[in-house]
Amino acid sequence: MTQTSVEQISADLLDQGYYLDRDCTTLSRHVFQQLESFSPEAQDISALMNRIGLAGKLIARRLSRSGLVDDALGFTGTVNVQGEAVKKMDLYSNAVFISVFKQSGLVCRLASEEMEKPYYIPENCPIGRYTLLYDPLDGSSNLDINSNVGSIFAIRQQEGIDEDGAALDLLQDGHKQLAAGYILYGPSTMLVYSIGKGVHSFTLDPTIGEFILADEHIKTPVHGPVYSVNEGNFWQWEESIRDYTRYVHRHEGYTARYSGALVGDIHRILYQGGVFLYPGTVKNPEGKLRLLYESAPMAFLIEQAGGRATTGIQEIMDVIPEKIHQRTPLVIGSKEDVALVESFIRDRERREQD
Ligand code: AHG
Ligand code: MN
Ligand code: MN
């Protein structure tokens with residue numbers, strides 16, 4: 001009797017309708033495919049992305065049950081280094097990222113919105129050559145209304161240990177990012193990342209606990225109808241941003257969308273085009289968003305998708321921070337829409353110089 005070959009069994013199963021409903025490419029497999037290698041660097045990046053995915057799964061799990069778990073929601077009663085009220089989920093998410101990287105041998109240092117100084121994992125430092133920068137929970141004002149939130153991350157090569165917490169090697173431009181992305185906790189949990197080879201999205205299949213490839217090489221349209229900005233700040237904006245807002249109010253083809261969570265707003269723009277703005281105000285010319293773990297990772301992604309990100313006068317990727325928690329104005333999205341905002345900023349500058 002002849003033995004049935006594996007190929008024959010597979011073909012028979014396919015004939016009978018036992019096929020996968022899609023090509024189940026997981027996150028770690030995707031990194032190897034992107035790098036076309038199993039080199040030590042590729043192993044590192046794949047393992048790093050896997051751990052970030054694990055953090056995303058743990059945070060998504062808690063979020064999905066947060067209304068049922070005692071003490072999951074609400075404020076802690078403390079303020080963070082930015083002077084912002086801290087929520088329990090902010091601290092939980094911050095701790096999740098630390099715990100998934102402990103004993104990983106991958107990351108020596110983590111720097112986040114919720115920690116004044118970077119957190120060192122000494123046992124990793126002899127071999128862990130990377131730093132993770134992250135916003136553990138973005139859009140946390142949405143938590144208590146069960147609306148979308150996210151996590152933002154960037155990976156940089158570690159170029160020195162700075163025991164006093166200054167982490168001077170982090171004070172470099174966005175081109176130093178090796179990888180960046182976000183996790184969006186919405187109706188489904190999605191992970192979007194880039195290692196400098198395009199932008200790719202994954203959807204968490206909770207039944208198997210894996211992020212499965214959703215879209216590869218996502219391209220942001222060169223123009224989109226959405227403008228995404230908190231217009232409640234109109235009274236305190238520079239005149240140039242008011243000029244831009246008046247323009248979109250008076251022209252056909254624009255629509256406003258603003259969720260209060262950068263991750264959700266950028267996700268919309270990544271897929272459908274448009275522009276997100278968090279400009280400086282007269283009182284706070286640097287705006288609200290933080291360069292190293294909000295604006296720069298998003299700039300890396302959107303540029304990889306063919307869009308642009310600027311402060312209004314300088315490309316976000318070129319900004320060299322002076323301190324870890326530095327804020328920056330942000331105009332990000334479709335090329336043409338970012339250019340339109342810039343044109344109003346330049347016009348005002350010209351008029352003020354005349
Ligand atoms: P975080 O929750 O990490 O502090 O970030 C909130 C950010 C960002 O997600 C959002 O775009 C923006 O703050 C919203 O700010 P306003 O409420 O001032 O519009
Ligand atoms: Mn944030
Ligand atoms: Mn946050």
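Given the structure is predicted, the values throughout are model-derived calculations rather than measurements.

Participant: Can you tell me about the coordination of the manganese ion (ligand 2), naming the residues and giving the values?
Facilitator: The manganese ion (ligand 2) binds to the protein through D135 (OD), D138 (OD) and E294 (OE); the donor distances cover 1.9 to 2.1 Å. On the primary sequence, the residues serving as donors to the manganese ion (ligand 2) are separated as D-x2-D-x155-E.

Participant: Run through the coordination of the manganese ion (ligand 3), naming residues and quoting values.
Facilitator: Each donor-metal-donor angle would ideally measure 109.5 degrees in four-coordinate tetrahedral geometry, or 90 or 180 degrees in six-coordinate octahedral geometry. The protein atoms that coordinate the manganese ion (ligand 3) are E113 (OE), D135 (OD) and L137 (O), at distances spanning 2.2 to 2.4 Å. Written as a sequence motif, the donor arrangement for the manganese ion (ligand 3) is E-x21-D-x1-L. A spacing of 3.8 Å is found between the manganese ion (ligand 3) and the manganese ion (ligand 2), which share D135 as a donor. Each of the two residues, D135 as well as L137, counts as buried.

Participant: Tell me what's going on with helix α7 (residues 291-304), and back it up with residues and numbers.
Facilitator: Burial analysis of α7 places 12 of its 14 residues in the buried class, which makes it a mostly covered element. The complete set of buried residues in α7 reads L291, L292, Y293, E294, S295, A296, P297, M298, A299, F300, L301 and I302. Phi for G306, located one or two positions after α7, is positive at around 95°.

Participant: Outline the side chain of D337, supporting the account with residue identities and numerical values.
Facilitator: Within the secondary structure, D337 sits in helix α8 (residues 335-353). We note that D337 is buried and unpaired, the nearest opposite charge coming from R308 at a distance of 11 Å. Side-chain polar atoms of D337 contact the side chain of H223, separated by 2.7 Å. For D337, the residues in contact, after removing those within four places along its chain, are V222, H223, G224, Y254, G274 and V275.

Participant: Describe the sheet that holds strand β12 (residues 255-256), and please don't skip the residues or the numbers.
Facilitator: Within the open sheet, the 5 strands sit side by side as β12-β11-β13-β15-β14. Their pairing is mixed. One side of each edge strand has no neighbouring strand; the edge strands of this open sheet are β12 and β14 (308-310). Where α7 meets the sheet, its contacts fall on β14 and β15 (330-333), and the angle it forms with β15 comes to roughly 25°.

Participant: Any details on the domain arrangement of the protein? Residues and values, ideally.
Facilitator: Domain assignment breaks the protein into domain 1 (21-215) and domain 2 (226-353). Taking only C-alpha atoms into account, the centre of domain 1 sits 24 Å from that of domain 2. The interface of domain 1 with domain 2 comprises 50 residues on the first partner and 32 residues on the second. Overall, the association of domain 1 and domain 2 removes approximately 3000 Å² of surface from exposure, summing both partners, and the carbon and sulfur fraction of that is 62%. Area buried by domain 1 at its contact with domain 2 is led by I152, L171 and Y182, which between them contribute 20% of it. Run the count over domain 1 and domain 2 and you get 1 salt bridge. Linking R290 and E113 is a salt bridge whose minimum nitrogen-to-oxygen distance equals 3.3 Å.

Participant: Run through the state of the cysteines, naming residues and quoting values.
Facilitator: Such a bond, covalent and formed between the sulfur atoms of two cysteines, is termed a disulfide. Per the stated rule, a full pass over the model turns up 1 disulfide. Disulfide partner of C108: C125, at an S-S distance of 2.1 Å. Here the disulfide of C108 and C125 is right-handed, its torsion about the S-S bond being about 85°. Taken together, the residues span a long stretch of sequence, with C108 in strand β3 (residues 107-112) and C125 in the loop between β4 (119-120) and β5 (130-138) at a distance of 17 residues. Take C108 and C125: they sit in the same class, and that class is buried.

The rules behind these values
- Residues numbered from 1 in each chain as written.
- Chains lettered and ligands numbered in written order.
- Predicted model: local features only at pLDDT ≥ 70, side-chain atom pairs only at ≥ 80, totals over all residues.
- Heavy atoms only, no water.
- Donors = N, O, S within 2.8 Å, 3.2 Å for Na, K, Ca; no water.
- Buried < 20%, exposed > 50% of the residue type's maximum accessible area, 1.4 Å probe, protein only.
- Helix = DSSP H or I, 4+ residues; strand = E, 2+ residues; numbered from the N terminus.
- Lys, Arg positive; Asp, Glu negative; His and termini not counted.
- Salt bridge = Lys/Arg side-chain N within 4 Å of Asp/Glu carboxyl O.
- Polar contact = N/O pair within 3.5 Å; in protein donor to acceptor, adjacent residues only side chain to side chain.
- Contact = heavy atoms within 4.5 Å.
- Pairing = 2+ DSSP bridges.
- Axes fitted to C-alpha atoms, helices over the stretch in contact; angles between N-to-C directions.
- Domains from an automatic or database assignment.
- Buried area = accessible area lost by both parts, 1.4 Å probe.
- Disulfide = S-S within 2.5 Å.

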